[in-house]
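Analysis of the macromolecular model
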Amino acid sequence: MPPSTTAHLAARQARVRQALDALSLDALVVTSATNVRYLTGHAGSAGLLVLTAKTAHLLVDFRYRDAVQMSQQSPGACPDLRTWEVPGSYDEALLGCLAAIGVSAIGFEAAHVTVATHEWWRTAADARRLAVAFRPTTAVVEQARAVKDASEIATLREAARRLDDVVRAAIGAVRAGVRERDVAAAIESALRAAGYERPAFDTIVASGPHSALPHHRAGERMLGSGDLVVLDFGGVLDGYCSDLTRTVAIGPLSPEARGLYAAVYEAQQAAVAAVRPGVETTAVDAAARQVLEARGLGAAFGHGTGHGLGLEIHEEPRITRPRSDLAPVPLVPGMVFTIEPGAYLSGFGGVRIEDDVLVTEDGCEVLTTAPRELQIL
Ligand code: ZN
Ligand code: ZN
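Remember, it's a predicted structure, so these values are computed and weren't measured experimentally. (Residues numbered from 1 in each chain as written. Chains lettered and ligands numbered in written order. Predicted model: local features only at pLDDT ≥ 70, side-chain atom pairs only at ≥ 80, totals over all residues. Heavy atoms only, no water.)

Focus: the packing of helix H10 (residues 255-274) against helix H11 (residues 281-294)
Selection rule: With axes taken as lines fitted to C-alpha atoms, and helix axes fitted only over the stretch in contact, angles between N-to-C directions fall between 0 and 180 degrees. By the criteria applied, helices consist of DSSP H or I runs no shorter than four residues and strands consist of E runs no shorter than two, each listed in order from the N terminus. Each angle is binned into one of four classes, with values under 35 degrees roughly parallel, values over 145 roughly antiparallel, values of 65 to 115 roughly perpendicular, and all other values oblique. Put simply, a crossing is left-handed when the front helix is turned counterclockwise from the back one by less than a right angle, and right-handed when it is turned clockwise. Should any heavy atoms of two residues lie within 4.5 Å, those residues are counted as being in contact.
Axis separation between H10 and H11 bottoms out at 8 Å; the angle between their running directions is 155°. By the criterion of interaxial angle, the relationship of H10 to H11 is roughly antiparallel. Helix-helix and strand crossings are classified by hand; for H10 and H11 the assignment is right-handed. In this structure, H10 contributes Ala 263, Val 264, Glu 266, Ala 267, Ala 270, Ala 271 and Ala 274 to the contact, and H11 contributes Val 284, Ala 287, Ala 288, Val 291 and Leu 292.

In structure tokens form, the structure reads like this:
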């Protein structure tokens with residue numbers, strides 16, 4: 001698996017710089033730790049980046065100084081990096097950096113800066129007579145992150161591929177008489193055995209009536225015959241997330257439950273078939289939703305069809321119905337997201353089937369390949 005190289009980081013920074021240019025900004029203050037990692041390779045929990053037209057100014061405290069120096073000797077060294085040591089407060093250090101490098105129109109990530117922090121920056125800049133203007137920006141780095149580069153695709157492909165073994169272990173743990181919690185423990189141990197650094201989120205094992213709750217975690221309920229069992233899990237590999245859902249059943253299974261499975265299966269196939277460059281995110285959602293609506297299950301599908309995957313488990317693009325707060329996005333080769341329609345009947349049970357897909361030049365590659373036909377155990 002090729003790690004991100006200096007060339008990958010340079011290309012990511014170039015895309016963000018183009019956006020800054022279009023917004024007439026001299027610099028972007030990047031406060032999201034995930035965005036800092038994406039642009040510099042610095043994976044510490046603290047760190048601030050000031051990206052200008054020529055330089056990446058990384059502000060870190062002493063805990064990360066040596067780690068940054070070491071990674072600057074590696075093939076993944078951040079290009080044109082200048083490191084600033086933060087002796088005390090990051091906000092103080094940020095103002096010092098901005099004053100020293102002489103930028104005036106400064107963008108910040110509105111989604112990642114509190115009102116209190118922004119107010120402090122403004123007041124402190126005034127007190128120092130700094131001629132700077134802080135301007136809110138929205139999803140500048142997140143939009144760049146939505147389209148993965150070759151190193152990210154290689155990592156995401158491998159992260160998805162390794163779920164095959166975990167699916168086998170998960171299904172092997174499902175039987176009448178075991179608790180949801182026991183199945184979740186088997187899944188998490190299989191994730192570790194497959195080499196993931198950690199689960200990407202709290203593993204979901206939702207059985208019987210619990211399977212009708214899309215975000216049920218895993219509890220004390222004992223699995224029993226006739227249950228639908230939703231298994232939703234993923235692992236983080238080299239920082240990148242994978243995410244997969246399979247619904248299995250413990251026989252004998254009612255015709256209603258089989259029908260529910262068949263409908264979700266068909267909806268999922270329809271959405272995967274709709275994925276290709278130029279198609280809008282809302283059209284992919286509609287492909288799944290129409291199948292379920294045609295079977296009277298429109299109201300049983302209460303969530304979006306999918307979400308982007310990358311350094312975060314939920315990122316751009318969002319595969320949803322048209323929403324007033326979210327413009328539809330045309331798909332572009334290199335986007336990676338989940339396709340996970342579901343149908344949930346309160347008190348009865350639910351089905352969800354989820355795969356990770358990569359948009360290619362002429363369609364998509366399904367990265368998660370575990371069988372998705374109904375398995376009755
Ligand atoms: Zn999932
Ligand atoms: Zn998901």
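Things to note about the sheet that holds strand E8 (residues 204-207)
For the record, the criterion: Two strands are counted as paired when DSSP detects at least two bridges linking them.
Judged by pairing direction, the sheet is antiparallel, and its three strands sit side by side in the order E8-E9-E12 without closing on themselves. On the outer flanks of this sheet lie E8 and strand E12 (244-249), each paired with one strand and no other. Ignoring which end each strand starts from, the neighbouring axes of this sheet average 15° apart. Two strands pair when backbone bridges link them, and E8 and strand E9 (residues 228-233) are joined in this way by four bridges, in the antiparallel orientation. Note that in E9 the partner of Ser 207 across the bridge is Val 229. Where helix H8 (residues 163-173) meets the sheet, its contacts fall on E9 and E12, and the angle it forms with E9 comes to roughly 150°.

Looking at the coordination of the zinc ion (ligand 1)
Let me state the cut-off plainly: A donor here means an N, O or S atom no more than 2.8 Å from the metal, or no more than 3.2 Å when the metal is Na, K or Ca. Since water is not included, a site may seem to lack partners. Each label reflects the angles at the metal, where four donors whose angles all fall between 85 and 135 degrees are tetrahedral, four or six donors whose opposite pairs open beyond 155 degrees and whose other angles stay between 65 and 115 are square planar or octahedral respectively, and the rest are irregular. For every residue, the accessible area obtained with a 1.4 Å probe (protein chains only) is divided by the maximum for its type, and the residue is called buried under 20%, exposed over 50%, and partly exposed between those limits.
The zinc ion (ligand 1) binds to the protein through Asp 232 (OD), Asp 232 (OD), Asp 243 (OD) and Glu 354 (OE), with metal-donor distances spanning 2.0 to 2.7 Å. Here the zinc ion (ligand 1) binds four donor atoms, and the angle range of 52 to 151° at the metal identifies the geometry as irregular. The metal-metal distance between the zinc ion (ligand 1) and the zinc ion (ligand 2) is 3.1 Å, with Asp 243 coordinating both. Of the two residues, Asp 232 sits in strand E9 while Glu 354 sits in the loop between strand E17 (349-352) and strand E18 (355-359), which places them 122 residues apart along the sequence. One exposure class covers both Asp 232 and Glu 354, and it is buried.

Re helix H7 (residues 150-161)
As a reminder of what qualifies: Working rule for helices: expected span equals 1.5 Å times residues minus one. Pairing of N or O atoms within 3.5 Å defines a polar contact, subject to two protein rules: one partner must be a possible hydrogen donor and the other a possible acceptor, and residues neighboring in sequence count only if both atoms are side-chain atoms.
The first and last C-alpha atoms of H7 sit 16 Å apart over twelve residues, in line with the 16 Å expected at 1.5 Å per residue. For H7, every residue scored as buried is listed here: Ser 151, Glu 152, Ile 153, Thr 155, Leu 156, Glu 158, Ala 159 and Ala 160. One side-chain oxygen at the N-terminal end of H7 lies 3.1 Å from the backbone nitrogen of Ser 151; it belongs to Asp 149.

A short note on the side chain of Asp 356
What counts here: By the counting scheme adopted, Arg and Lys are positive, Glu and Asp are negative, and His together with the chain ends is not counted. Salt-bridge detection follows one rule: a side-chain nitrogen of Lys or Arg within 4 Å of a carboxyl oxygen of Asp or Glu.
Along the chain, the position of Asp 356 falls in strand E18. An unpaired buried charge is present at Asp 356: no salt bridge exists, and Arg 246, the closest side chain of opposite charge, is 8.1 Å distant. Asp 356 has contacts with Ala 160, Ser 242, Asp 243, Leu 309, Phe 337, Thr 338, Glu 365, Val 366, Leu 367 and Thr 368, leaving out every residue within four places of it along the chain.

Focus: the coordination of the zinc ion (ligand 2)
Only Asp 243 (OD), His 307 (NE2), Glu 340 (OE) and Glu 354 (OE) from the protein reach the zinc ion (ligand 2) as donors, at distances of 2.1 to 2.2 Å. Site description for the zinc ion (ligand 2): donor spacing in sequence, D-x63-H-x32-E-x13-E.

Considering the nonpolar core
To be explicit about the condition: For the purposes of this section, nonpolar cores are sets of buried Ala, Val, Leu, Ile, Met, Phe, Trp, Tyr and Cys residues that join through side-chain atoms within 4.5 Å. How far each domain reaches was decided by an automatic or database domain assignment.
One finds Val 16, Val 50, Leu 59, Leu 94, Leu 98 and Phe 134 to be the most contacted residues of the largest nonpolar core, which totals 59 residues. The element that contributes the greatest number of residues to this core is helix H4 (residues 90-101), accounting for six residues. Viewed by domain, this core spans two of them, domain 1 (6-145) and domain 2 (150-366), each represented by three or more residues. Once residues lying within four places of it in the same chain are set aside, the contact partners of Val 50 are Ala 27, Leu 28, Val 29, Thr 55, Ala 56, His 57, Leu 59, Leu 94, Cys 97, Leu 98 and Ile 101. One finds Tyr 261, Ala 267, Ala 271 and Ile 339 within the second-largest nonpolar core, a separate group that totals 31 residues.

Observations concerning the domain arrangement of the protein chain
By the assigned domains, the protein chain splits into domain 1 (6-145) and domain 2 (150-366). The centre of domain 1, based on its C-alpha atoms, is set 35 Å off from the matching centre of domain 2. At the interface, seven residues of domain 1 touch ten residues of domain 2. Counting the contacts that link domain 1 with domain 2 gives two salt bridges. With a closest N to O distance of 2.8 Å, Arg 145 and Glu 312 form a salt bridge. Applying the counting rule to domain 1 against domain 2 returns two residue pairs in polar contact (both at pLDDT 80 or more). For the side of domain 1 that touches domain 2, the secondary-structure elements that each account for two or more residues are helix H1 (6-22), helix H2 (33-40) and helix H6 (140-145).

Focus: the environment of Asp 61
Summarising the element assignment, Asp 61 is placed in the loop between strand E3 (56-60) and helix H3 (62-71). Of the polar contacts made by the side chain of Asp 61, one reaches the side chain of Tyr 90; its length is 2.7 Å.

A look at the packing of aromatic side chains
Rule in force here: Geometry of aromatic contacts follows a simple scheme: Phe, Tyr and Trp rings, the Trp one being its six-membered ring, pair when their centres are within 6.5 Å, and the pair is stacked under 30 degrees between planes, edge-to-face over 60, tilted otherwise. Geometrically, a lysine NZ or arginine CZ counts as sitting over a ring once it is within 6 Å of the ring centre and also within 35 degrees of the ring normal.
Inspection of the entire model under this criterion finds two aromatic pairs. Arranged with centres 5.3 Å apart and planes meeting at 40°, the rings of Trp 121 and Phe 134 form a pair that is tilted. Here the residue Trp 121 occupies a position in helix H5 (residues 115-127), and Phe 134 occupies one in strand E6 (residues 133-137), the gap between them amounting to 13 residues. Trp 121 sits in the buried class, given a relative accessible area of 0%. Given a relative accessible area of 10%, Phe 134 falls into the buried group. Ring-pair connections join several aromatic residues into one group, and the members of that group are Phe 108, Trp 121 and Phe 134. Cation over ring: Arg 289 sits above Phe 301, and NZ or CZ is 4.1 Å from the ring centre.

What about the pairing of strand E2 (residues 48-52)?
Most of E2 sits out of view: five of its five residues are buried. Residues Leu 48, Val 50 and Thr 52 line one face of E2 and the alternating positions Leu 49 and Leu 51 line the opposite face, and both faces are buried. Relative to E2, strand E1 (residues 27-30) is paired through four bridges, and the arrangement is antiparallel. The partner of Leu 28 across the bridge, within E2, is Leu 51.

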